[in-house]
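Survey of secondary and tertiary structure
One-letter residues, chain by chain:
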Amino acid sequence: MTTDLPADLPHLRTPVEDARALIVAALRPLPVEAVALHDLAGRVVGEPVIAPHDLPRHANSSMDGFAVDASTPSPWALTAHILAGDDPAPLAPGTTAAIATGGVVPDGANAVIPLERVTEERDVITALAPVEPGACIRPVGADARQGDVVLDRGLRLSPLAASAVSGLGLTEIICVRRPRVVVLTTGDELVPPGQPLRRGQIHESNSILVAATLAAAGCEIVRTGSVADTAEATRAAFAAAIADADLVVSTGGVSVGPRDHVKPALRALGVHELFWRIATQPGQPVWCGTAPSGTLVTGLPGNPLSCLVGLHLLLIPAVRALTGASPEPETVRAELAQPIGQLPARLRAIPMRLTAGRLEPLGASLSHQLSRAAQANALALIPTGDGELPAGTIVDAVPLG
Ligand code: AMP
Ligand code: MG
């Protein structure tokens, strides 16, 4: 059950930045481990990645052309052919070598003249234009110098970053261990998809949202489980989850109704409360605490769009902090396509469709409207205030990925 608070009780809600700061202060960074090249994309760098040698290691050609000594005027006698991977002999004065892109520039040459800028007749090469020393040569170290930090601690490895590790010749690097997550859903009314609904039942949807969002944020989902709405089942499920996870995320059962067992269960398990309720709409009823083991335990609201807000404004930042990245959510600036009302004491976080810098509402302003929100790709953040923000107002939005 979720109950709304009277608007005049702002002290009962924690502003979302304060909630984030409490989470970050309570977290211990995870240990590091060696990770093989093919598993790197999506992982977080645990120790800086250093260039083991200069890149390029040898000066090489950036074009298909002819290696020459730019101080000797053409024509030059063509005496050699250099392919990428060859270890060429020095160039004799007055001669040239045909060279492929990536071919090592031979000693005695200081420029490459592209194929298109010469004429060739019976192994005599004539330049059509003057050649500058250094032209079309990739110098030693132009990409990285030996000892340079190529990837810094805390960076999440993109496929591009992983390929840069490969380019350094490394087969593994040190990464932060992935946060282990157990996802629990509460609610006796919930039925797995694929099963028929009796009157009053609904299909369960939060576990997919939570698990997929946190997996995409770099977590290892240890398991997802459903918990019956009894005190005993709730306590047992949380005890097992805390033992197996760095982060336990539950949905539903966190308010003050007769079937809401999450908070009493966590208190009984010695989980220390960090905050209860955040100043957002939707998404207000969030409980968050730390277990004696250090595991972060978060009870998100049951309503799907409320759950979404806690995930993006609190839990992705928590995951980032656990892995040593900056915990601030990544936001973009975008303009509202329609006017939208503010709330005096709560940040509104509304799923919208972001296209070409404009945020289009989807009619998903109530926290159960999951189908309406399904095409959202951003969470528009509407700052607190008394009025209505007109269309065209620039606001922050969190991309939903
Ligand atoms: P609760 O916070 O447990 O009172 O749940 C609030 C609302 O969210 C109720 O309408 C629940 O049926 C719904 N709800 C709770 N958990 C889920 C879930 N895992 N999937 C979809 N809806 C849920
Ligand atoms: Mg419930």
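This brings us to the pairing of strand β13 (residues 180–186). Burial analysis of β13 places 6 of its 7 residues in the buried class, the great majority of the element. Pairing of β13 with strand β16 (residues 220–227), which is carried by 7 bridges, proceeds in the parallel orientation. In the sheet register, Leu184 faces β16, and the bridge partner there is Gly225. Relative to strand β17 (residues 247–251), β13 runs parallel, the two sharing 5 bridges. Bridge pairing in β17 places Thr185 opposite Thr251.

Turning to the sheet that holds β16, a few remarks are in order. In space, the 6 strands of this open sheet follow the order β16-β13-β17-β21-β20-β18, with mixed pairing throughout. Across the chains shown, the open sheet's two edge strands, defined by having one partner strand only, are β16 and β18 (272–276). The average angle at which neighbouring strand axes cross in this sheet is 15 degrees, direction not considered. Running at roughly 160 degrees to β18, helix α1 (residues 16–26) makes contact with β18, β20 (287–290) and β21 (296–300) of the sheet.

On to the environment of Val181, then. Tracing the sequence through the fold places Val181 in strand β13. C-alpha of Val181 to C-alpha of Thr224: the two residues are 43 residues apart in sequence and 8.7 Å apart in space. In this structure Val181 touches Leu214, Cys219, Glu220, Ile221, Val222, Arg223, Ala245, Leu247 and Val249, once residues within four positions along its chain are discounted.

What follows is about the sheet that holds strand β9 (residues 124–127). In sheet architecture, strand pairing relies on hydrogen bonds along the backbone and comes in two forms, parallel and antiparallel. One open sheet accounts for 6 strands, arranged β7-β4-β6-β5-β9-β8; its pairing is mixed. The two strands at the open ends of the sheet, each matched to only one other strand, are β7 (111–114) and β8 (118–121). Going across the sheet, the axis of each strand differs from the next one's by a mean of 40 degrees, ignoring polarity.

Under the counting rule described, the total for this entry stands at 0 aromatic pairs. Here the basic side chain of Lys263 rests over the ring of Trp276, its NZ or CZ set 3.7 Å away from the ring centre.

We now examine empty space enclosed by the protein. According to the stated counting rule, one finds 1 cavity of 30 Å³ or more in the structure shown. A volume near 40 Å³ is recorded for the largest cavity. Along the walls of the largest cavity sit Gly42, Arg43, Val44, Arg156, Val176, Arg178, Pro179, Ala217, Gly218 and Thr323, which together make up its complete lining. Class assignment for the residues of the lining of the largest cavity results in 4 nonpolar, 3 polar and 3 charged.

Quick look at the environment of Val16 now. Secondary-structure assignment places Val16 in helix α1. When its relative accessible area of 5% is taken as the criterion, Val16 is described as buried. Counting along the chain gives 329 residues from Val16 to Ala345, while the straight-line C-alpha distance between them is 11 Å. The residues touching Val16, leaving out its near neighbours within four places in the chain, are Ile278, Thr280, Leu313, Leu314 and Leu347.

Okay, unusual backbone geometry next. Residue Pro56 follows Leu55 across a cis peptide bond; omega there is -10 degrees. Within the secondary structure layout, Pro56 lies in the loop between β2 (49–50) and β3 (60–61). With an omega dihedral of -5 degrees, the bond running from Gln281 to Pro282 counts as a cis peptide bond. Relative to the assigned elements, Pro282 resides in the loop between β19 (280–281) and β20. Located in the positive-phi region is Arg122, a residue other than glycine, with phi close to 40 degrees.

Ranked by size, the top nonpolar core spans 45 residues in total, and within it Ile23, Leu214 and Phe275 carry the most contacts. Top contributing element to this core by residue count: helix α6 (residues 304–322), with 13 residues. Residues lining this core come from more than one domain, with at least three contributed by each of domain 1 (10–31 + 178–322) and domain 4 (332–399). Residues contacting Leu214, with those up to four places away along its chain left out, are Val181, Cys219, Ile221, Leu247, Val249, Leu311, Leu315, Ile316 and Val319. Residues Val182, Ala245, Leu266 and Ala291 belong to the second largest nonpolar core, which totals 17 residues.

Moving on: the pattern of salt bridges. Close approach of charged atoms allows side chains with opposite charge to pair. Under the counting rule described, the total for this entry stands at 13 salt bridges. In this structure, Arg20 and Glu328 form a salt bridge, with 3.9 Å as the shortest nitrogen-oxygen distance. Residue Arg20 is found in helix α1, and its partner Glu328 is found in the loop between α6 and β22 (332–336); the two are separated by 308 residues along the sequence. Of the charged contacts in the structure, one is a salt bridge between Arg177 and Asp246, with a shortest N-O distance of 2.9 Å. Placement of Arg177 in the loop between β12 (172–176) and β13 and of Asp246 in the loop between α4 (231–244) and β17 is noted, with a sequence separation of 69 residues between them. Judged on exposure class, the residue Arg177 and its partner Asp246 are both buried.

What follows deals with the domain arrangement of the chain. If you check the domain split of the chain, you get domain 1 (10–31 + 178–322), domain 2 (33–54 + 156–176), domain 3 (60–138) and domain 4 (332–399). Taken over C-alpha atoms, the centre of domain 2 sits 37 Å from the centre of domain 4.

What counts, and where the lines are drawn
- Residues numbered from 1 in each chain as written.
- Chains lettered and ligands numbered in written order.
- Predicted model: local features only at pLDDT ≥ 70, side-chain atom pairs only at ≥ 80, totals over all residues.
- Heavy atoms only, no water.
- Buried < 20%, exposed > 50% of the residue type's maximum accessible area, 1.4 Å probe, protein only.
- Helix = DSSP H or I, 4+ residues; strand = E, 2+ residues; numbered from the N terminus.
- Pairing = 2+ DSSP bridges.
- Axes fitted to C-alpha atoms, helices over the stretch in contact; angles between N-to-C directions.
- Contact = heavy atoms within 4.5 Å.
- Phe/Tyr/Trp six-rings, centres within 6.5 Å; stacked < 30°, edge-to-face > 60°.
- Lys NZ or Arg CZ within 6 Å of the ring centre and 35° of its normal.
- 1 Å grid on protein atoms, 1.4 Å probe; cavity = no way out; pocket = protein on both sides within 12 Å on 5 of 7 lines; lining within 4 Å.
- Points joined across faces, edges and corners; volume = space filled by probe spheres on them.
- Nonpolar A, V, L, I, M, F, W, Y, C, P; charged D, E, K, R; others polar.
- Core = buried A, V, L, I, M, F, W, Y, C linked by side-chain atoms within 4.5 Å.
- Domains from an automatic or database assignment.
- Salt bridge = Lys/Arg side-chain N within 4 Å of Asp/Glu carboxyl O.

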